[in-house]
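Examining the three-dimensional arrangement
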Amino acid sequence: MEPSQRPAAPAPANAPCAWHPQTAAVRVAVPRSPYGENAEALYLTSGYVQPSAEAAAARFAGDEEGYTYARYGNPTTTSFEQRLAALEGTEAAIATSSGMAAILMLCLGLLKAGDHVVCSQSMFGATIKLIGTDLAKFGVQSTFVPQTDLDAWRAAVRPETRLLLAETPTNPLTEVCDIAALADIAHAAGALLAVDNCFATPALQRPVQWGADIVVHSGTKFLDGQGRVMAGALCASRALVDQTFLPVLRSAGMTLAPFNAWVVLKGLETLHIRMQAQSATALALARWLQAHPAVARVHHPGLPDHPQHALAMRQQSGCGGAIVAFEVRADRPEQGRARAFAVLDALRTLSLSTNLGDTKTLCSHPASTSHGRLSEAQRQAAGISQALIRISVGLEHLDDIVADLSRGLDALA
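Residues numbered from 1 in each chain as written. Predicted model: local features only at pLDDT ≥ 70, side-chain atom pairs only at ≥ 80, totals over all residues. Heavy atoms only, no water.

1. Digging into the packing of helix α11 (residues 271-290) against helix α15 (residues 398-412)
Put simply, the test is: All axes are obtained by fitting lines to C-alpha atoms, using only the stretch in contact for helices, and the reported angles, taken between N-to-C directions, cover 0 to 180 degrees. Elements are defined by DSSP. Helices are runs of H or I of four residues or more, strands are runs of E of two residues or more, and each kind is numbered from the N terminus. Put simply, a crossing is left-handed when the front helix is turned counterclockwise from the back one by less than a right angle, and right-handed when it is turned clockwise. Contact between two residues is taken to exist if any of their heavy atoms lie within 4.5 Å; hydrogens are not considered. Here the nonpolar group is Ala, Val, Leu, Ile, Met, Phe, Trp, Tyr, Cys and Pro; Asp, Glu, Lys and Arg are the charged ones; every other residue, Gly included, is treated as polar.
Across the interface, α11 lies against α15 with an axial gap of 11 Å and an inter-helix angle of 30°. In this structure, α11 meets α15 at a crossing whose hand is right-handed. Contacts between α11 and α15 involve T281, A284, L285, W288 and L289 on the former and, on the latter, L398, I401, V402, L405, S406 and L409. Grouping the constituent residues of the contact of α11 with α15 by class yields nine nonpolar, two polar and no charged.

Printed below as a string of structure tokens:
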């Protein structure tokens, strides 16, 4: 066992290979303790008692399996990692304190000064800033390209390109990339493809089935599902997790807290039924928004006029997902911002919140919140207008969602 490997990762209590994903979502975990608990145990401890000094030395060196220190591993966190890896169809997963911590781990593990990354210009705003600005200070080069333009991806690849990073569907315009095509471009260049699967989740889409090497998650969103905790993860091969990402975790400490791991672990149990229900409501809401006179455009992959509708249906199990974005009618940016704010300020039932993936429907104004730190040029390149509103559809009844949005939209019509 190499020193860089995970201190301990007990095999799941049962073999998941023959299980359907819905079963894996409630069953994959580390073996039960001698107490026989049915719900997975929450291990709140920062350290572990060692059987001997010799065993402690061997475990810290990675020569013997066994938990040593909570920054390196925890049984509750291991259960979450094993369950998520089973759902994504990867050999392993490594948990982090947030989705952005996962992306930072991805970059610190794979990139060094002089290396180059090609990234979708439609990525989450913080991802664009982290890669394009923060990592640039350390000599990591980057090129941002249109999400759906495969020729632009090919043209951006250089000899020093090590990573292609995409998000599908994107936040907030729900653009869908061709994962298999991007995987071919990456692998032809000797690079890896990482896909942010936050919006679709493994309930709808498993990027590794289409050729992706790494799957990125913000567990804060749909994986938890109730807006309770922060969490993140990378799903990949055992070699990448143990030899590339784990050393970063041990040194940098972007460790997922056991309590947060336990919350998301339990959230995974209802992931499939939540995604189906919320996606169905989102599609119905998107159709209603299309017919409203105050709405100029609606973005949802389930709509037949979505530019990547056919691709989305193929990659996402025939489902469009639970995110809807729409633009209110406006003649100029200032008017668009004012009208979007008016709709949001008229809400009485839905939540004005920048999070997503909650059982409660959340509404936000991306240009001034999630993408507020980008320059106007970056926002325009990503298609983020001042008139845009993003909705993360929850589990409320469709009629109540429509009634709340109607209050503000009807006043604009």
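2. Considerations on empty space enclosed by the protein
What counts is decided by this rule: Cavities and pockets are found on a 1 Å grid laid over the protein atoms alone: a cavity is a set of points where a 1.4 Å probe fits but cannot escape, a pocket is an open set with protein on both sides within 12 Å along at least five of seven lines, and a lining residue has an atom within 4 Å of such a point. Grid points are joined across faces, edges and corners, and a volume is the space filled by probe spheres set on the points.
As enumerated under the stated definition, the model contains two cavities of 30 Å³ or more in all. Estimated volume of the second largest cavity: approximately 50 Å³. Of the residues in the lining of the second largest cavity, the class split is six nonpolar, four polar and no charged.

3. Some words on the pattern of salt bridges
Rules: Salt bridge, as used here: a side-chain nitrogen of Lys or Arg that lies within 4 Å of a carboxyl oxygen of Asp or Glu. For each residue, the accessible area found with a 1.4 Å probe, counting protein chains only, is set against the maximum for its type, and the residue is called buried under 20%, exposed over 50%, and partly exposed in between.
For the structure on display, the rule yields 14 salt bridges. For D115, the salt bridge identified is with R162, shortest N-O distance 3.7 Å. One end of the pair, D115, is in the loop between α4 (99-110) and β2 (116-120); the other, R162, is in strand β4 (residues 161-167), with 47 residues separating them in the sequence. Look at D115 and you get buried, because its relative accessible area is 4%. When its relative accessible area of 32% is taken as the criterion, R162 is described as partly exposed. We note a salt bridge from D242 to R238, for which the minimum N-O separation is 3.6 Å. One end of the pair, D242, and the other, R238, are both in helix α9 (residues 238-252), four residues apart, so they sit about a helical turn from each other. Take R238: its relative accessible area is 33%, and that puts it in the partly exposed class. A network of salt bridges, in which partner residues are shared, links E40, R83, K266 and E269.

4. Details of the sheet that holds strand β6 (residues 214-218)
The line we're drawing: The pairing criterion for strands is at least two bridges between them, as found by DSSP.
Spatial ordering of the open sheet is given by β1-β7-β6-β5-β4-β2-β3, a layout of seven strands whose pairing is mixed. Looking at the sheet topology across the chains shown, the edges are occupied by β1 (92-96) and β3 (141-145). When strand polarity is set aside, the average angle formed by the axes of neighbouring strands in this sheet is 20°. Sheet topology note: the β2/β4 ladder contains four bridges and is parallel. For V117, the partnering residue across the bridge sits in β4 and is L163. Contacts from helix α7 (residues 179-188) reach β4 and β5 (192-196), with the element oriented near 150° to β5. Where α9 meets the sheet, its contacts fall on β1, β5, β6 and β7 (232-236), and the angle it forms with β1 comes to roughly 20°.

5. Regarding the packing of aromatic side chains
Test applied: Stacked, edge-to-face and tilted are the three classes for Phe, Tyr and Trp ring pairs, Trp counted by its six-membered ring, which pair at centre distances within 6.5 Å; planes under 30 degrees apart are stacked, over 60 edge-to-face, the rest tilted.
Taken as a whole and assessed by the stated rule, the structure comprises four aromatic pairs. Relative to Y72, the ring of Y69 has its centre 6.0 Å away and its plane inclined at 80°; by these criteria the two rings are edge-to-face. For Y69, a relative accessible area of 37% gives the class partly exposed. The exposure class assigned to Y72 is buried, which follows from its relative accessible area of 13%. Feature note: the residues F60, Y69 and Y72 constitute an aromatic cluster, connected by ring pairs.

6. Regarding the confidence of the model for the protein
Counted only if it meets this: Looking at any residue, its pLDDT shows the predictor's confidence there, from 0 to 100.
Here the protein averages 94 in pLDDT, while 96% of its residues score no lower than 70. The low-confidence segment residues 1-5 (pLDDT under 50) makes 17 contacts with residues lying over four places distant or belonging to another chain.

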